[in-house]
Amino acid sequence: MSVTDKGRENMEKKDCSGDIVSRFLRGEEFTRKDFVKLLEQKENPKVCECLQKEALQLRRQYYGDKVYIRGLIEFTNYCKNNCYYCGIRCGNPHVKRYRLSEEEILSCCDNGYKLGFRTFVLQGGEDPYYDDEKMVSIIRKIKEKYPDCALTLSIGEKSEESYRRFREAGADRYLLRHETANKAHYRLLHPEEMSLINRKNCLYTLKKLGYQVGAGFMVGSPEQTLEHLAEDLIFLRELQPDMVGIGPFIPHHDTRYAEEQAGDVEWTLFLLSIIRIMFPKVLLPATTALGTMDVRGREKGLLAGANVIMPNLSPKENRKDYELYDNKICTGEEAAECRQCLARRVESVGCHIVTDRGDALY
Ligand code: SAH
């Protein structure tokens, strides 16, 4: 039975009627208006349940009960950008800034490797201190020492030349959330000198260079509308990324959005299911932000179609300083403690963590 037939059957069984939902499950070409109509169905618990079931079925079909883990190394919280929602934006004078040395980064990998990680993610603010030469050296050392591991970068917008050098040095993947695909909304959340066009171009360049690419957005960011979310889904459809990172927006006390409402957990789960259905093979993390908004957020994410978790391998003493938003979880634990806690959480929803690079399926 095809995925689509299965989806339709689920629909009929559950009676989550509605033409728009069946059209979505049949994989029909959707306009922005169609996506808005689909998103309006969030108010209908039967539709939520039906999409969740379908997403979970697809996740199981392609990945079984396997959950891939990525060891996140937050190697610098210096940033030259001033994204208005982000705790480590350059305009925040209250951040205790830190940088990890090459040795410190390698020691995080070492620790991670022993814990079963086969993907390392180097994430940071856009920190000019790590110029191309320094990045290339770090990438080479990690790939030399751990040839069986995948290396993911998440260090923002760079030139094509830099991306090419990092790729040639051995980087396999790149995470660069587009944040919002709507121009006016992007403008609202970022200062003048940043542009959505540049960010989107970076994603296309990364694809062209042969990276496995991850895009994504925050759910419930200030002034976000259903139309914006519809545009996010349309942009993802156009880009066809290998990974999609979404998580609730969470206010940070030292930003202009300190008093804003955080993004909603149920909305995030609804969108995770929609994304799994749109891209059945996509690598989809249940994010730390989701776990911050709900103690069982990541487990719920797995049940909504996610299949990746990205625990922290950063040194314990730096973790609280990589504060993108308030109350971030797992800032007081050692990597080994996180790993054990995660294994339990993942098993509680019938999944298990695998020691595997977890590359994109084609
Ligand atoms: N400098 C890198 C890494 C950014 S941090 C880059 O530009 O890609 C990783 C992600 O954290 C961001 O892409 C953003 O989506 C998310 N983030 C930042 N501030 C946040 C907040 N207040 N709430 C939730 N997520 C946030």
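These numbers come from a predicted model, not from an experiment.

With 104 residues, the main nonpolar core has Leu 51, Phe 120, Leu 122, Ile 142 and Ile 275 as its most contacted residues. If one sorts the elements of this core by residue count, helix 11 (residues 265–278) sits on top with ten residues. With residues near it in sequence (within four places) discarded, Leu 122 still touches Ile 73, Phe 75, Ile 105, Met 135, Ile 138, Ile 142, Leu 151, Thr 152, Leu 153, Ser 154 and Ile 155. Ranked by size, the runner-up nonpolar core spans eleven residues in total, among them Tyr 63, Leu 72, Met 310 and Ala 360.

Here we come to the sheet that holds strand 8 (residues 308–309). The strand order across the open sheet built from three strands is 8-1-9, with neighbouring strands paired in parallel fashion. In the strand order of this sheet, the two ends are held by strand 8 and strand 9 (352–354), each with one partner. Bridge count for strand 1 (residues 66–69) against strand 9 is three bridges, and the pairing is parallel. Of the residues in strand 9, the one forming a bridge with Tyr 68 is Val 354. Here helix 15 (residues 335–347) sits on the sheet in contact with strand 1, strand 8 and strand 9, set at roughly 130° to strand 9.

Between helix 6 (residues 132–145) and helix 7 (residues 160–169), the shortest axis-to-axis distance is 8 Å and the interhelical angle comes to 20°. The pairing of helix 6 with helix 7 is recorded here as roughly parallel in orientation. For the crossing formed where helix 6 meets helix 7, the hand is right-handed. On the side of helix 6, the interface is formed by Asp 132, Met 135, Val 136, Ile 139, Arg 140 and Lys 143, while helix 7 contributes Ser 162, Arg 165, Phe 166 and Ala 169. Residues that form the contact of helix 6 with helix 7 fall into these classes: five nonpolar, one polar and four charged.

Taken together, the buried positions of helix 7 are occupied by Ser 162, Tyr 163, Phe 166 and Ala 169. All buried residues of helix 7 fall inside an arc of 125° around its axis, so they share one side. Buried-residue contacts for helix 7 involve helix 6, strand 4 (150–154), strand 5 (173–175) and helix 9 (196–208). Of the residues flanking the end of helix 7, it is Gly 170, one or two places downstream, whose phi is positive at about 130°.

What counts and what doesn't
- Residues numbered from 1 in each chain as written.
- Predicted model: local features only at pLDDT ≥ 70, side-chain atom pairs only at ≥ 80, totals over all residues.
- Heavy atoms only, no water.
- Core = buried A, V, L, I, M, F, W, Y, C linked by side-chain atoms within 4.5 Å.
- Buried < 20%, exposed > 50% of the residue type's maximum accessible area, 1.4 Å probe, protein only.
- Helix = DSSP H or I, 4+ residues; strand = E, 2+ residues; numbered from the N terminus.
- Contact = heavy atoms within 4.5 Å.
- Pairing = 2+ DSSP bridges.
- Axes fitted to C-alpha atoms, helices over the stretch in contact; angles between N-to-C directions.
- Parallel < 35°, antiparallel > 145°, perpendicular 65-115°, else oblique.
- Left-handed = near helix turned anticlockwise from the far one by under 90°.
- Nonpolar A, V, L, I, M, F, W, Y, C, P; charged D, E, K, R; others polar.
- Arc of directions from axis to C-beta.

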